[in-house]
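Geometric and topological summary
Each chain, letter by letter, is given below.
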Amino acid sequence: MRKPAFRFAPSPNGALHLGHALSALTGSLMAQRCGGRFLLRIEDIDLTRTREQHVAGIVDDLRWLGLMWEQPVLRQSTRFQAYTAALKQLSAADLIYPCFATRSQIQAAVADDPDPTRDPDGVTLPPPALRRVSSREFELRRATGEPYSLRLDMPRAIAAANAKLNGAPLTFREITPAGTIETRTCRPDRWGDCIIRRKDIPASYHLAVVIDDATQGITHVTRGLDLLAATDIHRLLQVLLGLPEPLYHHHALLLGPGGTKLSKSAGDRSIADHRAAGHTPEDLKLQIGITLPQESSPSKDNISVLN
Ligand code: GLU
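Below is a short write-up of the structure. (Residues numbered from 1 in each chain as written. Predicted model: local features only at pLDDT ≥ 70, side-chain atom pairs only at ≥ 80, totals over all residues. Heavy atoms only, no water.)

Next up on the list: the pairing of strand β1 (residues 5-8). Side chains Ala5 and Arg7 project from β1 onto one buried face, and the interleaved Phe6 and Phe8 project onto a second face that is buried too. In terms of strand pairing, β1 meets strand β2 (residues 37-42) through 4 bridges, oriented parallel. The partner of alanine 5 across the bridge, within β2, is arginine 37. Handedness of the β-α-β unit built from β1, helix α1 (residues 18-33) and β2 comes out right-handed. (Buried < 20%, exposed > 50% of the residue type's maximum accessible area, 1.4 Å probe, protein only. Helix = DSSP H or I, 4+ residues; strand = E, 2+ residues; numbered from the N terminus. Pairing = 2+ DSSP bridges. Right-handed = clockwise from strand over helix to strand, strands pointing away.)

Further remarks concern the packing of helix α3 (residues 80-92) against helix α9 (residues 231-241). Packing of α3 against α9 brings their axes to within 10 Å, and their N-to-C directions diverge by 80°. Relative to α9, α3 is oriented roughly perpendicular. Here Ala86, Gln89 and Leu90 of α3 lie close against α9, whose contacting residues are Leu237, Leu240 and Leu241. (Axes fitted to C-alpha atoms, helices over the stretch in contact; angles between N-to-C directions. Parallel < 35°, antiparallel > 145°, perpendicular 65-115°, else oblique. Contact = heavy atoms within 4.5 Å.)

Let us now look at the site of the ligand. With respect to spatial proximity, the complete set of residues near the ligand consists of Arg7, Ala9, Pro10, Ser11, Glu43, Tyr205, Val209, Arg223 and Leu227. Contacts to the ligand include serine 11, whose side-chain N or O atom sits 3.0 Å from a nitrogen atom. Between the ligand and the protein, one listed contact pairs an oxygen atom with a side-chain N or O atom of tyrosine 205 at 2.8 Å. If the ligand stood free it would expose 300 Å²; the protein chains cover 80% of that surface. (Near = heavy atom within 4 Å. Polar contact = N/O pair within 3.5 Å; in protein donor to acceptor, adjacent residues only side chain to side chain. Areas by Shrake-Rupley, 256 points an atom, 1.4 Å probe, with all protein chains shown as cover.)

This part covers the packing of helix α8 (residues 205-215) against α9. Between α8 and α9, the least distance of the axes is 9 Å, while the angle of their chain directions is 60°. One way to sum up the angle between α8 and α9 is to call them oblique. Considering how the two elements wind past one another, α8 and α9 form a crossing that is right-handed. Across the interface between the two elements, Tyr205, His206, Leu207, Val209, Val210 and Ile211 from α8 touch Ile233, His234, Leu237, Gln238 and Leu241 from α9. Here the contact of α8 with α9 is composed, by residue class, of 8 nonpolar, 3 polar and no charged. (Left-handed = near helix turned anticlockwise from the far one by under 90°. Nonpolar A, V, L, I, M, F, W, Y, C, P; charged D, E, K, R; others polar.)

Residue position: threonine 84 is located in helix α3. With relative accessibility at 33%, the residue threonine 84 sits in the partly exposed group. Between the alpha carbons of threonine 84 and alanine 203 there is a distance of 7.4 Å; along the sequence they are 119 residues apart.

Think of an α-helix as turning once every 3.6 residues; residues three or four places apart then point the same way. Taking 1.5 Å of rise per residue, 16 residues should cover 22 Å, and α1 covers 22 Å from first to last C-alpha, within 8% of that figure. Counting buried positions along α1 gives 12 out of 16 residues, so the element sits mostly inside the fold. Inspection of α1 places Leu18, Gly19, Ala21, Leu22, Ser23, Ala24, Leu25, Thr26, Gly27, Ser28, Met30 and Ala31 among the buried residues, and these make up the whole buried set. Looking at the residues trailing α1, positive phi occurs at glycine 35, about 65°. (Expected span 1.5 Å × (residues − 1).)

Attention shifts here to the side chain of aspartate 232. Tracing the backbone shows aspartate 232 in helix α9. Overall, aspartate 232 belongs to the buried group, its relative accessible area being 2%. The contact partners of aspartate 232, leaving out residues within four places of it in the chain, are Leu170, Cys186, Arg187, Pro188, Arg190 and Trp191.

In space, the 3 strands of this open sheet follow the order β4-β5-β8, with antiparallel pairing throughout. Looking at which strands have only one partner, the edges of the open sheet turn out to be β4 (96-99) and β8 (195-197). Taking each pair of neighbouring strands and ignoring which way they run, the sheet shows an average axis angle of 45°. Across 2 bridges, the pairing between strand β5 (residues 149-152) and β8 is antiparallel. From the neighbouring strand, leucine 150 faces β8, where its bridge partner is arginine 197.

Turning next to the pattern of salt bridges. Oppositely charged side chains can pair when the atoms bearing their charge come close. What the rule picks out here adds up to 22 salt bridges. Between aspartate 46 and arginine 198 there is a salt bridge, with its nearest N and O atoms 3.2 Å apart. You can see aspartate 46 sitting in the loop between β2 and α2 (52-64) and its partner arginine 198 sitting in the loop between β8 and α8, a full 152 residues away along the chain. In this structure, arginine 184 engages glutamate 182 in a salt bridge whose closest nitrogen and oxygen atoms are separated by 2.9 Å. The network of salt bridges with shared partners includes Arg7, Arg41, Glu43 and Asp213. (Salt bridge = Lys/Arg side-chain N within 4 Å of Asp/Glu carboxyl O.)

Okay, structure coming up:
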């Protein structure tokens, strides 16, 4: 029987804070509890924001917390060929299109719209007139070296996924705090034609995450509730690319004093700051107050949690 596999997948563009410690510990402890594997993946597709000192800091912090993970550690910066191959697959099915719209053009175009469509990262979707260009215009502008992103054609992508699922709804299965598995319906349509390959990077978070979860054989994706919305897009891509469906567990977020999500940029203390202040890993674990999903009594559902 295949062992369950969990992962922690930080982006090395800052120091880890307590929210990251919670995610890493949740994955690792759930893996331990069911005799599963625990893997580390460095999500460093954004080479301009990646700093080697942060990669080293992540490893130091996780070791200090007492975590162990399998080798090798997967670095997404070594995986661009796989992402490009997946983009070719989506392009061959006519599910993505090039878009030249710049951030300032988009902002200007939606200036009068009080509630423009945004993707799960909060990035505004350009209005239809700004999205597509004719193939002739595309060739001309590309020839001048003008950068473009690739967007998912959401209505076509949903129709294609629907056909692959033989009309069954697109869903994901979430392990709840009570330890049960809830099947939830995905609504990727609400995010519109999201970016699937950035202008500056030959991938995007959504594309890279689904490909690498599959490559690493991840059976359980454990991460914060801030990424719950992105699961709609991840499931859609998994179906379109023929990738396996993991189980998900989105844990509650640790909030800072103002009720906002913890982040280094908001001045919240990093794990390294806590270490430097003489706190022990046990102090931090107490402060975080990790609550794993309950272990439910053996049932058919529970068996699928473990496998
Ligand atoms: N790299 C993402 C982050 O640091 C997490 C990706 C995931 O867990 O799906 O926010």
